[in-house]
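Read off the chains here:
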Amino acid sequence: DPSRIKMVEPIRFTTRAQRVLALECAKYNLFAVNAEDCILDFLTDSGTGAMSDAQWAAMLAADESYAGAKAWRALEQSVRRLFDFEHLLPVHQGRAAERLLFAELGGQEKVWLPPPPPLPTNS
């Protein structure tokens, strides 16, 4: 879909030589590269794209006052329309969901591999 960008932030463009130098100075550790040297972030799940006008509007209009808020009911209706789940337990992030899931699936008689450690950007 074509769209208009609603939020912009100027970024400093770097040359290939500058990017190579930044990687060398960081000893190829992507967590040691300065943010201002990074044009596109493909390392973290924090997101770098602009939000659409509909996303901004939904965020600003959302009622997050308590668990019975309109936003919760809309989420619940959408999930129930798509899935045949008896229970719905939303979590704030994937790591929290993994912790709940693996706590339920694990136990003395079961063996499972824990999820990878969280990235510093989403722990």
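Being a predicted model, the structure only gives us computed values, none of them experimental.

1. Considerations on the packing of aromatic side chains
Describing an aromatic ring pair means giving the distance of the ring centres and the angle of the ring planes.
Inference 1: Under the counting rule described, the total for this entry stands at one aromatic pair.
Inference 2: Note on Phe83 and Phe85: the rings are 5.1 Å apart at their centroids and 5° apart in plane angle, and the pair reads as stacked.
Inference 3: Phe83 sits in the partly exposed class, given a relative accessible area of 45%.
Inference 4: The exposure class of Phe85 is partly exposed, given its relative accessible area of 46%.

2. A few points about the pattern of salt bridges
Inference 1: Enumeration according to the criterion identifies two salt bridges in this entry.
Inference 2: Between Asp37 and Arg12 there is a salt bridge, with its nearest N and O atoms 2.3 Å apart. Here Asp37, found in the loop between helix H1 (16-25) and helix H2 (53-61), pairs with Arg12, found in the segment before H1; they are 25 residues apart in sequence, far enough to count as distant.
Inference 3: Taking the relative accessible area as the measure of exposure, Arg12 reaches 40% and is therefore partly exposed.

Criteria and thresholds
- Residues numbered from 1 in each chain as written.
- Predicted model: local features only at pLDDT ≥ 70, side-chain atom pairs only at ≥ 80, totals over all residues.
- Heavy atoms only, no water.
- Phe/Tyr/Trp six-rings, centres within 6.5 Å; stacked < 30°, edge-to-face > 60°.
- Buried < 20%, exposed > 50% of the residue type's maximum accessible area, 1.4 Å probe, protein only.
- Salt bridge = Lys/Arg side-chain N within 4 Å of Asp/Glu carboxyl O.
- Helix = DSSP H or I, 4+ residues; strand = E, 2+ residues; numbered from the N terminus.

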